[in-house]
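# An overview of the molecular structure
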Amino acid sequence: LSAREGLVVQAAKHRYACRVVQHTLSKCSASQTAGLVEALLRDATALASHTIGHYVLEQLFELGTEEQRYRLVRNVERNMHSIGLSTPSGGVIRTVLGSAAPEDKIWIARAVLQ
């Protein structure tokens, strides 16, 4: 799966291929996209800061399972020092703060303030 994971991340960062990834997330079931989502979550820090990749993460947060959303929130929280410095990641942070569970919003807010 590692070779495919690299392709998934490349696609998520590509101007046109990112739309295929987003469409797959929106139209396929969680079981069908499990490998795709796993690859995205493994590279979530880099994708959050990427000018195109952040759109894929925002959609993953909006459409993902509870566990996937939890993992993405934890990733943002743990890596706020690097994610928060880039302009594209603002969209990811805004999406998370806009629709996350109240306790997740608190964790993100604490990470921003540190």
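Everything numeric in this text was worked out from a predicted model, so none of it was measured.

Using the criterion set out here, one finds zero aromatic pairs in the structure. Of note, Arg69 hangs over the ring of Phe61, and the distance from its end group to the ring centre comes to 4.2 Å.

Within the secondary structure, Leu57 is located in helix 5 (residues 53-63). For Leu57, a relative accessible area of 0% translates into the label buried. C-alpha separation for the pair Leu57 and Trp107, spaced 50 residues apart in sequence, amounts to 18 Å. Ignoring sequence-local partners within four residues, the contact set of Leu57 consists of Leu40, Ala44, Leu47, Ala48, Leu72 and Val92.

A word on the pattern of salt bridges. The final tally for this structure, using the stated rule, is four salt bridges. Between Arg42 and Glu38 there is a salt bridge whose closest N-O contact spans 3.8 Å. Within this pair, Arg42 and its partner Glu38 are both found in helix 3 (residues 34-42), separated by four residues, close to a single helical turn. With a shortest N-O distance of 3.2 Å, Asp104 and Arg74 are connected by a salt bridge. Of this pair, Asp104 sits in helix 9 (residues 102-113) while Arg74 sits in helix 6 (residues 66-78), placing them 30 residues apart in sequence. Arg74 shares its class with Asp104; the two are buried. Here the salt bridges do not stand alone but share partners, grouping Glu38, Arg42 and Arg71 into one network.

On the secondary structure map, Arg69 appears in helix 6. Of the side chains with opposite charge, Glu66 lies nearest to the buried Arg69, which makes no salt bridge, at 4.9 Å. Arg69 has contacts with Phe61, Glu62, Gly64, Ser99 and Ala100, leaving out every residue within four places of it along the chain.

Their axes nearest at 9 Å, the elements helix 6 and helix 9 cross at an angle of 15°. Classified by the angle between their axes, helix 6 and helix 9 sit roughly parallel to one another. The crossing of helix 6 and helix 9 is left-handed. Between helix 6 and helix 9, the contacting residues are Tyr70, Val73, Arg74, Val76 and Glu77 on the first element and Asp104, Trp107, Ile108 and Ala111 on the second. Of the residues assigned to the contact of helix 6 with helix 9, the class counts are six nonpolar, no polar and three charged.

What counts, and where the lines are drawn
Here, residues in each chain are numbered from 1, in the same order as that chain's written sequence. Confidence filtering applies because this is a predicted model: local features only for residues at pLDDT of at least 70, side-chain atom pairs given and counted only at 80 or more, and all residues used for totals across whole chains, interfaces and linings. To get the side-chain values, all heavy atoms of the structure are used, and hydrogens and water are removed first. Here is the rule: rings of Phe, Tyr and Trp (six-membered ring for Trp) pair when centre to centre is within 6.5 Å. Planes less than 30 degrees apart are stacked, more than 60 are edge-to-face, and the remainder are tilted. Two conditions define a charge sitting above a ring: the NZ of Lys or the CZ of Arg must be within 6 Å of the ring centre, and it must be within 35 degrees of the ring normal. By the criteria applied, helices consist of DSSP H or I runs no shorter than four residues and strands consist of E runs no shorter than two, each listed in order from the N terminus. Only protein chains enter the accessibility calculation, which uses a 1.4 Å probe. A residue is then buried if its area is under 20% of the maximum for its type, exposed if over 50%, and partly exposed in between. In this description, contact between two residues means that some pair of their heavy atoms is separated by no more than 4.5 Å. A pair is scored as a salt bridge if a Lys or Arg side-chain nitrogen falls within 4 Å of a carboxyl oxygen belonging to Asp or Glu. His residues and chain termini do not enter the charge count, which takes Lys and Arg as positive and Asp and Glu as negative. Lines fitted to C-alpha atoms define the axes here, with helix axes fitted over just the stretch in contact, and angles between the N-to-C directions of these axes take values from 0 to 180 degrees. Note that the term roughly parallel is reserved for angles under 35 degrees, roughly antiparallel for angles over 145, roughly perpendicular for angles of 65 to 115, and oblique for everything else. By the definition used in this description, the sense in which the near helix is turned from the far one sets the handedness, with an anticlockwise turn below a right angle giving left-handed and a clockwise turn giving right-handed. Each residue is assigned to one class: nonpolar for Ala, Val, Leu, Ile, Met, Phe, Trp, Tyr, Cys and Pro, charged for Asp, Glu, Lys and Arg, and polar for all the others, Gly among them.

Everything listed here is a matter of geometry and, on its own, says nothing about what the molecule does.
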